[in-house]
Amino acid sequence: MAWFRAGSGVARLAIRRTLSQGGSYATRSRVIPPQNRFFHSTVFKSKAQTAPVPRPVPLSKLTDNFLDGTSSVYLEELQRAWEADPNSVDESWDNFFRNFVGQAATSPGISGQTIQESMRLLLLVRAYQVNGHMKAKLDPLGLEEREIPDDLDPALYGFTEADLDREFFLGVWRMSGFLSENRPVQTLRSILTRLEQAYCGSIGYEYMHIADREKCNWLRDKIETPTSMQYNCQRREVILDRLIWSTQFENFLATKWTTAKRFGLEGGETLIPGMKEMFDRSADLGVESIVIGMPHRGRLNVLGNVVRKPLRQIFSEFSGGTKPVDEVGLYTGTGDVKYHLGTSYDRPTRGGKRIHLSLVANPSHLEAVDPVVVGKTRAKQYYSNDTDRTKNMGILIHGDGSFAGQGVVYETLHLTALPSYTTGGTIHIVVNNQVAFTTDPRAGRSSQYCTDVAKALNAPILHVNADDMEAVVHVCELAAEWRQTFHSDVVVDLVCYRRFGHNEIDEPSFTQPKMYQVIRNHPSALEIYKKKLLESGQVTEEDIRRIQEKVLTILNEEFLASQDYIPRRRDWLSSHWTGFKSPEQLSRVRNTGVKPEILKNVGKAITTFPENFKPHRAVKKVYEQRQQMIETGEGIDWAVGEALAFATLLVEGNHVRLSGQDVERGTFSHRHSVVHDQETGEKYCPLDHVVINQNEEMFTVSNSSLSEFAVLGFELGYSMESPNSLVIWEAQFGDFANGSQVIFDQFLSSGESKWLRQTGLVLLLPHGYDGQGPEHSSARLERFLQMSDDNPYVIPEMEPTLRKQIQECNWQVVNVTTPANYFHVLRRQIHRDFRKPLVLMAPKNLLRHKECKSNLSEFDDVQGHPGFDKQGTRFKRLIKDQNEHSDLEQGIRRLVLCSGKVYYELDEERKKVEAKDIAICRVEQLCPFPYDLIQRELKRYPNAEIVWCQEEPMNMGAYSYIAPRLSTAMKALDRGTMDDIKYVGRSPSAASATGFYQVHVKEQTELVYYELDEERERVDGKEIAIRRLEQLCPFPYDLVLRELRHDEIVWCQEEPMNMGAYSYIAPRLCTAMKAMGRGSWEDIKYVGRGPSASTAIGFSQVHKNDRLRLSS
Ligand SMILES: Cc1ncc(C[n+]2csc(CCOP(=O)(O)OP(=O)(O)O)c2C)c(N)n1
Ligand SMILES: [Mg+2]
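These numbers were taken from a predicted model, which means no experiment stands behind them.

Undergrad: Before we move on, can you summarise the environment of Gly-401 with the specific residues and values?
TA: Secondary-structure assignment places Gly-401 in helix 14 (residues 400-405). With a relative accessible area of 28%, Gly-401 lands in the partly exposed category. Counting along the chain gives 44 residues from Gly-401 to Arg-445, while the straight-line C-alpha distance between them is 7.8 Å.

See the structure below:
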C-alpha cells in the first residue's frame, strides 16, 4: 500500500505539473484534430523524438516533468536504506526493490533496466489504468472532443522508439493484472500494445478511484489479462438474434405509427442484447428476480423484448390505449401514456433458468423512479429472506442528461451502503446518446462524463462504445459479475447516439446540425455487427435473412392480433395482493381495538430493558413513566400510543418499518425507540422483542440519510411490495417534505389511479403553529388536501355497510389529536382489504401536552369502554364535543369545527371564559370528508352558527378544502350555504408563519380569543390590486366586476376540479359577485373535469370525449 500511495501521489503531481505547463486534457470544448486523438500504431507524439535518452541518474536529479523532488528524494532514500538492509523498509518496498533489482540482475533479457526506468514504466502503466479511458474509442460518431492526457505518452517518461524492443520487467507486490509480481519480461512495444488494447479500445474503464485493493485487483485482472472477448459461433448467433429483435421492433413501430411519439432506441439498439446478456449472467450467478426502473427512451423495446410484455398488448396500447371494457370489479383508473406503464413477467434465461422481471411504472419525471425501484428491491429481499441480497437485484436505466442533472440520482446512489437501505448493489445503465432533448453535454453538465456522480460511491464505471456489440455484452456481463461479487453499485455508460429527434416527430437538425449530418450516414449497430460476423465467416447472409424474416413474421402476427386485443382484468395486483379490493369492490370497515391482555403484554415488552442495560438517566425515567402508563392504564401519551400500534401489528404477524431523519430517537426526543447503553454504547430496541424469536427486521426503525426525495421514494417502493407491512416515512418537520414533492404529486396521490398499484404508505409530517417560524410550522396541509380527488359538491354513499368513500378517494389526510386515535388510524391501515396512502399531520407540542393523553381503555375492544362506539372500537373520523351533549342541543350558540392541536387551545380558552354555549368538534379525518358525522353534529346543534377555525393562514390549512364540503353538507340539511360558514384564522399570507415569536403569540391568542368572545369582520381580499385579465393572482376584481353584467356566470377550466384555478377563483369571484349583489358561491357554474387524483387521463379517447363535453 505504501508504494501504491506514493506512486499515486507522484502521478498526481506529475499530472498537475503537466497541466500547469499548459496541456489541459480535460476540456471538452476543444476540438482536437483527429490525427492527435488516438494512439494507434503511431506510438509517439513528435515531442518524443526530442526527449532525453534515459540514463541511470539518481531519482532526485530527474527533471521535474513527472516526478516531484520530494517524492523522488524519498524514493532514493528508500532505495539506499533497502540496499543497506532490506528489512529496514516496509515489506511492500522490499518487494518492489527486490523485483526490479533482482530481476534486472538475473534476467538475461533485460538490458540494463534501471530503477528509474522501472519507476517510469510503472507510472506509465498506472497512467493507463487511471486515464486510459480518456483515449478509449467511445464515441460511435467520432465527434468526441477531448484531449488525450500527456501522461499516456511514453515520451513523457523518457522512452523513445529505441526502447520499443527492449525488454522490461514489470511487477508490484500484491497487484494483479499487468503489475502482478510473476509477470514475465516483455518488450516495451508489447507492453504498450497490451495497455492500448486493455484500456483504449471500445471500453473505457474508470475504477482506480476505488479505494479497496481487492476490488481494484479483481477488475484489473479482468481488464488486463489478455483473454479476448471472443464469443463462439453460438453465442454470436444469439447476440445477433437479439440485436435484430431490438432493431426491427423500432423499425416496425416506425412504419406502423409514423407520427406517434415512442422515444425510440435507434442509435442505442445494443442496449437490448446487452440487458438480456446481463440478465442471463445474473441468473447464472444466482439472481432470481430483477426490479427495473427506466425512463422513456427505449422503454417499449425493453417492455417487449426484455420483460416480454405481450407484443399484441403493446401494439394495442400504442393504437390509442383502449380503456378496458367495463366489467364488474374492473377498476381502470385514469390510465397513463404507453411509455410509462410497468409490468412484470417471468423470463427464461439462456442458461435454462427463469428470472422474474418487473418494470416499475414511472412518471415523466426523469429519475424519480430510482429510489422507488431500490425500495421495492429491498422489500423483495425482506420477503424472500434474501439476507445476502444475491437473489433480488435492482437495475436502473438512465439518460445521460438526467443522470448528470437530477439530484435524486445522487440521493439514491447514496443509499447503497446504508444498512437499512442497501440492496447489495444496483446496476446502472446510462443510455448515453450524447444529447438531452436539444441540449449538448457541454451545456448540460460540468463534469467530464455524465456518470461522474457515481464515482463518489466508489462504483466502477464501464464506458462502452455502443456500436461495438460484443464490447457491450462484455461490460454488461462484467457489471453483473461485479454486483454479485461485491454487492455494490456499478455503472455501464453506453455511449451511443440518437438517430432521430428527441421524439420521432421532433427535428434534431435545428440544434445539432453537424451531429446529425454524421448520424445520417452512420451505419446502424446491426449493420456493423452483421458485417463483422459475415467477415468472420461464422454467420452467412442466409442465416441473417432467416432471423430477420422470423422476427418480422412474429411482429406482423402480433400486430394483427393487437387489433382484436381486448384488455382483460389488469395484472394490477401481484400475488402478494390476492384478495385485496379495488376501489369499486366494497371492503368492510373493521374494528381496530385490541384485547386488553394483549395490550398489557406488549405494553410490558415495549417498556422493559434487559437486565444490566444502562440507558441515559432521562430515558430511563421516560421508560419508567411508560411502564406506569401501561400498569395504570392511564395517561398514555403519543409515543406509547404509537409503540402500542406497532407492537400489536407485529403480534398479528405484520412487518413494520419506520424510516426518516432521526426517527430512532425522534426529532422531538419523544420516541426513544432505540435506546443506547451509556456505558457500552450498545443499542436496544424494545420493539424488536415483542414476539418470541422475532425476525431482526420484522420491526425496522432506522435513521435515514438526509434526503427527502430518495428516502420517501424508497419507502414508497418498499410499501408497494407487500400489503402486510406498515411502512412509515417521517419528515423531520413537515415543511421539508416538499423536497420530495415529485413523489407526492406523481406517485403517491395519483399512482393508484394511473397505474393501478396500491400502497398503504404512511407519512408523518410534523405540523402546528407554535412560534418556531415560517419553516417549522406547516406541513402544507392545504397541498395534500388540494390533491384529494373527492368531489366537494357530491355527498357519496355514507351508509356504513355500503360506504366506499375512502376506497374511492386517492388518499387519506388526517390531523389526529389523541394518542388512541393515532393508534387506531395506524392500525386501520392494515385492518382493511385495500391499501391507501395516509398523510398524517403529526403533532409537536401535543407529544407532551398534559391534555393530550388517552386511557388504555380507548385502545381495547371491550364493549362499554370509552373507545367503543356503536360498531366497536375504531378510528374516530370526528371527535364530538367533549362536554356531555344529548342528540339535540338547542341552546348551543356556536358550533366550532377545527382540526389538530388548535383544539386544545380553544378548549382551554372555553374553560377559562366558561363559554357553555359553544361546542367544539374535531375533524380528525379531513379527507375523505366525514359527511355523515358532520351532519350528525349539525343536527345536534340546530341553532348554532357554524365556524371553521384554523391556526394556519386563510390560503393554507384545511379551509379551502373544508368550506365547499361543509357547505354541501349544510345545504343537504337546509342549514345554509357557503356564506354561513364563518372563517376564523390567520389572514392570507405568503409565508406559512411569522418569524417573530411575539407576533405569533398575538395571532394565536387573537384567533382563540376572537373565536370565543368577539365578533370581527371576516377577512377578504378586496384590497388586492388588479392589472390584467390574464392574471389569475392577484385577482382582477375591477375587470371581473365590469364583466358581471352578463346573466349566467360560469367558470370553465380544462383541469380537474381539484386542480387548475377553480378553488382559487371561486371564493374571489363570489366576493366580487356579492359586492354587486349578483349572488354568491352557489351562482357560479363550474364547467370542467370532475376531481381526479391524476392530472390527466391516460386514455386518448376519454380525453377527446372530455374535450368535446367541455366545449359544448
Ligand atoms: C424531471 C424532468 N425534467 C424535465 C423533463 C423533460 N424532458 C423529457 S426528456 C428530456 C431530456 C432527457 O435527456 P436524457 O436524460 O439525456 O435522455 P434521452 O432523451 O436523451 O434519452 C427532458 C429534459 C422530464 N421529463 N423530467
Ligand atoms: Mg440523452
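Undergrad: Kindly report on the side chain of Ser-725, identifying the contributing residues and their values.
TA: Among the structural elements, Ser-725 can be located in strand 15 (residues 725-730). You can call Ser-725 buried: its relative accessible area is 6%. Here Ser-722 takes part through its backbone oxygen, which lies 3.0 Å from a polar atom of the side chain of Ser-725. Here Ser-725 is in contact with Tyr-383, His-655 and Ile-830, once residues within four sequence places are set aside.

Undergrad: Run through helix 25 (residues 741-748), naming residues and quoting values.
TA: Most of helix 25 is tucked away, with six of its eight residues classed as buried. In the core, the buried residues of helix 25 are packed alongside helix 13 (370-383), helix 24 (709-719), strand 15, helix 26 (751-755), strand 16 (762-766) and helix 27 (781-786).

Undergrad: Give a description of the packing of helix 13 against helix 24 that names residues and reports values.
TA: Between helix 13 and helix 24, whose axes approach to 6 Å, the crossing angle comes to 45°. What the angle tells us is that helix 13 and helix 24 run oblique. Of the two elements, helix 13 crosses helix 24, and the hand of that crossing is right-handed. Together, Pro-371, Val-372, Val-374, Gly-375, Lys-376, Arg-378, Ala-379 and Tyr-382 of helix 13 and Phe-709, Ala-710, Gly-713, Phe-714, Leu-716, Gly-717 and Tyr-718 of helix 24 make up the contact between the two elements.

Undergrad: Please give an account of the pattern of salt bridges that cites residues and values.
TA: One pass over the full model with this rule turns up 62 salt bridges. Between Lys-376 and Glu-721 there is a salt bridge, with its nearest N and O atoms 3.3 Å apart. Of the two residues, Lys-376 is situated in helix 13 and Glu-721 in the loop between helix 24 and strand 15; the sequence distance between them amounts to 345 residues. Like Glu-721, Lys-376 is buried. Lys-911 is paired through a salt bridge with Asp-907; the nearest N and O atoms lie 3.1 Å apart.

Undergrad: I'd like a description of the site of ligand 1, backed by residues and values.
TA: As a structural note, the neighbourhood of ligand 1 is formed by 15 residues, with Arg-297, Asp-400, Gly-401, Ser-402 and Asn-433 the closest of them. Backbone polar atom of Ser-364 to a nitrogen atom of ligand 1: 2.9 Å apart, as the coordinates give it. Contact with the protein chains covers 74% of the free accessible surface of ligand 1, which is 580 Å². Within the shell around ligand 1, the residues separate by chemical class into four nonpolar, nine polar and two charged.

The rules behind the values
Residues numbered from 1 in each chain as written. Chains lettered and ligands numbered in written order. Predicted model: local features only at pLDDT ≥ 70, side-chain atom pairs only at ≥ 80, totals over all residues. Heavy atoms only, no water. Helix = DSSP H or I, 4+ residues; strand = E, 2+ residues; numbered from the N terminus. Buried < 20%, exposed > 50% of the residue type's maximum accessible area, 1.4 Å probe, protein only. Polar contact = N/O pair within 3.5 Å; in protein donor to acceptor, adjacent residues only side chain to side chain. Contact = heavy atoms within 4.5 Å. Axes fitted to C-alpha atoms, helices over the stretch in contact; angles between N-to-C directions. Parallel < 35°, antiparallel > 145°, perpendicular 65-115°, else oblique. Left-handed = near helix turned anticlockwise from the far one by under 90°. Salt bridge = Lys/Arg side-chain N within 4 Å of Asp/Glu carboxyl O. Near = heavy atom within 4 Å. Areas by Shrake-Rupley, 256 points an atom, 1.4 Å probe, with all protein chains shown as cover. Nonpolar A, V, L, I, M, F, W, Y, C, P; charged D, E, K, R; others polar.

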